[in-house]
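As a plain string of letters, each chain reads:
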Amino acid sequence: MNIDPKTNGVLTPATTNRISGAEAIVRCLIEEGVDVLFGYPGGAIMPVYDALYDYQDQINHVLVRHEQGASHAAEGYARIKKKPGVCLVTSGPGATNLVTGLADALMDSTPIVCISGQVPRDLLGTDAFQETDVVGVTMPVTKWSYQITKAAEIPIVMAKAFYIANTGRPGPVMIDLTKNAQFEMLDFEYHRAPRIFSYWPTPKAKAEDIEAAAKLINEAKKPYLLCGHGVLISGAQAELTELIEKASIPTACTLQGLSAIPTDHPMCVGMPGMHGNYGPNLLSSECDVLIAVGMRFDDRITGRVDKFAPQAKVLHIEIDPAEIDKIMKTTVAINADAKEALKRLIPLVEQRERPAWLAQYAECAAIEKEKIIDRDTLPKEGAIKMGEVVKLLSDKTEGKAVIVPDVGQHQMAAARYYNYTETDGWATSGGLGTMGYALPAALGCKFAAPNREVVAIIGDGSFQMNLQELGTIMQTGLPVKIIILNNNFLGMVRQWQQLFFDRRYSSVELQNPDFCKIAEGFSIKAVRVSERTDLDGVMQQMLDSKEPFLMEVMVEKEENVFPMVPSGAGVAEVRLE
């Protein structure tokens, strides 16, 4: 066996660098530091799986139960590990089953590299068995999509794939690999892509923009900062904290920006947007400078755009130039990586105290606590509420767990009531809002952070989208913890039907299976909680378990999530009931 000095590890049983395209794929993955691979084999990708057989001690292949599960698991891994998650699937339906995950990763700036098998080059365009135009299908939902038809292309294309996925604004890449390219031989040599002609992923902030931004902040009376996912992607948590502490800037974390700063930080005022906190929404109409760092002004944040902070001057720090001035017209824009921009900005920003401005947020928080938070987290009678389950979990884990919610009311409860004390503690589907994300994504998160508690919080509707991945959890044996908040409804849709469609509940009530029996069928311990008195003990049992554990909690059937910004309204028109 050959020892490669660059990796200090065993690379291949081959005695020369003349190897097959299939083995070259595996060698490329090892060169890129891939240690976990989520996939599902099939005929068109079988040569790569055969080559993978000789590298089982270097790459852990995780056999998912559906290719969509592979894409979400790769997303979860990437979100926590800060490097691309990787999928390996076969042609046709194997590749098309990845599309939802690719779209999800693109919307949420998550780096994944997906490799699909394809029919041989001479059969392309003949409608051969399981042939699909993968590049055509995936191009709209990827940063880059490419078809390899010759083995000689493999090293350079794979190097580009990883470089593109994980640089600039991260995102998904799709590589389609014809079967003949897997069998062909090549002289293997690998070089990571130092750069790609015409692709400049990390723009440098202009000095005049940094100076203008500092002037804007220094002159502000009521600045307000929105912390987005870009802060976490760039690793700018420390810099953001230094800035907001120095200038006393109240800061709200977007859904994907959660855990960038601790929830209980004095400058953290909550979450903005449709189901965000009262103060960040109401007081957006009073701030004079709105600072957006690594966020894209999604419609769930802004509500009606012409009513969103119309009085404020806007400072936007953003690595993707396409996002600048796309939704909100900026006064000053810094097109750069958030960490670099903040590092250069901090020395120019003046030390300030803003007690009166921060007091306004505190007043709003007190109103919200009395009207909503205490009701949701400290009920003394009636059905169990989603908020009290999340709050109990937060207390028991001291805010240090990785929380992986699915999409719906339970997602908003997890965002609002978990007290995040450790960074990179959150992974969810935001932009695409993909039901079925959480179960496989939690598995990916656990592979990325084996020493942290990983808890998937899932609604009964979302759980049934990808529950087959219980089989993957069973086979890996990883102690992923699962909480199902079961209200027998598609809760978020039902809430809208109640409030805006005269309670005309159309196709939202669910007749559910016995989730505990299903989990037990996969050899996963499961306990149902129907009484509040059992909640604490069962949750502790779940957290103490060294194995996978499913906890089903029967929650209030028609509970609504407030605050809420109605569709078509401005966020300052937020409703508390």
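Residues numbered from 1 in each chain as written. Predicted model: local features only at pLDDT ≥ 70, side-chain atom pairs only at ≥ 80, totals over all residues. Heavy atoms only, no water.

Student: In this structure, what is going on with the nonpolar core? I would like to understand it.
Tutor: Inside soluble globular proteins, nonpolar side chains tend to come together where they are buried. With 100 residues, the main nonpolar core has Leu290, Leu345, Leu393, Ile403, Ile483, Met551 and Val553 as its most contacted residues. Composition of this core by domain shows at least three residues from each of domain 2 (207-361) and domain 3 (384-554). When residues no more than four places from it in sequence are discounted, the contact partners of Leu393 are Ile403, Tyr418, Val455, Ile457, Ile483, Met539, Met542 and Leu543. One finds Val36, Ala442, Phe463 and Val480 within the second-largest nonpolar core, a separate group that totals 51 residues. (Core = buried A, V, L, I, M, F, W, Y, C linked by side-chain atoms within 4.5 Å. Buried < 20%, exposed > 50% of the residue type's maximum accessible area, 1.4 Å probe, protein only. Domains from an automatic or database assignment. Contact = heavy atoms within 4.5 Å.)

Student: Can you walk me through the domain arrangement of the protein chain in this structure?
Tutor: Per the domain assignment, the segments of the protein chain are domain 1 (5-189), domain 2 (207-361) and domain 3 (384-554). Taking the mean C-alpha position of each, domain 1 and domain 3 sit 30 Å from one another. Of the residues lining the interface, 24 residues belong to domain 1; the matching set on domain 3 comes to 28 residues. For the domain 1 and domain 3 pair, buried surface summed over both sides reaches about 2,000 Å², with 62% attributable to carbon and sulfur atoms. (Buried area = accessible area lost by both parts, 1.4 Å probe.)

Student: Looking at this structure, I do not really get the pairing of strand S11 (residues 223-227). What am I missing?
Tutor: Regular strands place side chains that alternate from one sheet face to the opposite one. The element S11 is largely enclosed, with a buried count of five among its five residues. Examined bridge by bridge, S11 and strand S14 (residues 289-293) share five bridges and lie parallel to one another. Across the sheet, Tyr224 pairs through a bridge with Leu290, a residue of S14. With three bridges joining them, S11 and strand S12 (residues 251-253) adopt parallel strand pairing. By the bridge assignment for S12, Leu226 is matched with Ala252. (Helix = DSSP H or I, 4+ residues; strand = E, 2+ residues; numbered from the N terminus. Pairing = 2+ DSSP bridges.)

Student: Help me understand the pattern of salt bridges, please; the structure alone is not making it clear to me.
Tutor: Enumeration over the complete set of coordinates arrives at 30 salt bridges. Across the salt bridge formed by Lys82 and Asp424, the nearest N and O atoms sit 3.0 Å from each other. Taken together, the positions of Lys82 in the loop between helix H3 (67-81) and strand S6 (85-89) and Asp424 in the loop between helix H17 (409-417) and helix H18 (438-448) put the pair 342 residues apart, joining distant regions of the chain. Look at Lys82 and you get partly exposed, because its relative accessible area is 33%. A relative accessible area of 15% means that Asp424 is categorised as buried. When the shortest N-O distance is used, the salt bridge between Glu286 and Lys222 registers 3.2 Å. (Salt bridge = Lys/Arg side-chain N within 4 Å of Asp/Glu carboxyl O.)

Student: How should I be thinking about the sheet that holds strand S8 (residues 144-148) in this particular structure?
Tutor: What links the strands of a sheet is backbone hydrogen bonding, and the strands pair in either a parallel or an antiparallel sense. Across the sheet, six strands lie side by side as S5-S4-S6-S7-S9-S8; this open sheet has parallel pairing. Two strands in the sheet have a free side with no partner beyond their single neighbour: strand S5 (60-63) and S8. Within this sheet the neighbouring strands show an average axis-to-axis angle of 20°, counted without direction. Note: S6 against strand S7 (residues 112-118), five bridges, orientation parallel. The residue bridging Cys87 from the neighbouring strand is Cys114, located in S7. (Axes fitted to C-alpha atoms, helices over the stretch in contact; angles between N-to-C directions.)

Student: Any chance you could explain the pairing of strand S20 (residues 525-529) here in plain terms?
Tutor: In this sheet, strand S21 (residues 549-554) lies alongside S20 in parallel orientation, the contact comprising five bridges. Across the sheet, Val527 pairs through a bridge with Met551, a residue of S21. For the handedness criterion, the β-α-β arrangement of S20, helix H23 (residues 532-544) and S21 is classed as right-handed. (Right-handed = clockwise from strand over helix to strand, strands pointing away.)

Student: What exactly am I supposed to notice about the sheet that holds strand S15 (residues 313-318) here?
Tutor: Judged by pairing direction, the sheet is parallel, and its six strands sit side by side in the order S13-S12-S11-S14-S15-S16 without closing on themselves. Whereas interior strands pair on both sides, the edge strands pair on one side only; in this sheet they are strand S13 (268-270) and strand S16 (332-335). Sheet twist, expressed as the average angle between the axes of neighbouring strands with direction ignored, equals 20°. Bridging between S12 and S13 involves two bridges; their strand directions are parallel. Among the inter-strand pairings, Ala252 is bridged to a residue of S13, identified as Gly270. Relative to S16, helix H9 (residues 207-219) is tilted by about 135°, and along the sheet it contacts S14, S15 and S16. Each of S11, S12 and S14 touches helix H11 (residues 237-247); the most contacted strand, S11, lies at about 165° to it.

Student: Teacher, can you tell me more about the packing of H11 against helix H14 (residues 338-345) here?
Tutor: Relative placement of two packed helices is described by the angle separating their axes and the distance separating the axes. Running from N to C, H11 and H14 point in directions that differ by 35°, and their axes come no closer than 9 Å. The two elements H11 and H14 cross, and the hand of that crossing is left-handed. Across the interface between the two elements, Glu239, Leu240 and Leu243 of H11 pack against Lys339, Leu342, Lys343 and Leu345 of H14. Counted by class, the contact of H11 with H14 contains four nonpolar, no polar and three charged residues. (Left-handed = near helix turned anticlockwise from the far one by under 90°. Nonpolar A, V, L, I, M, F, W, Y, C, P; charged D, E, K, R; others polar.)

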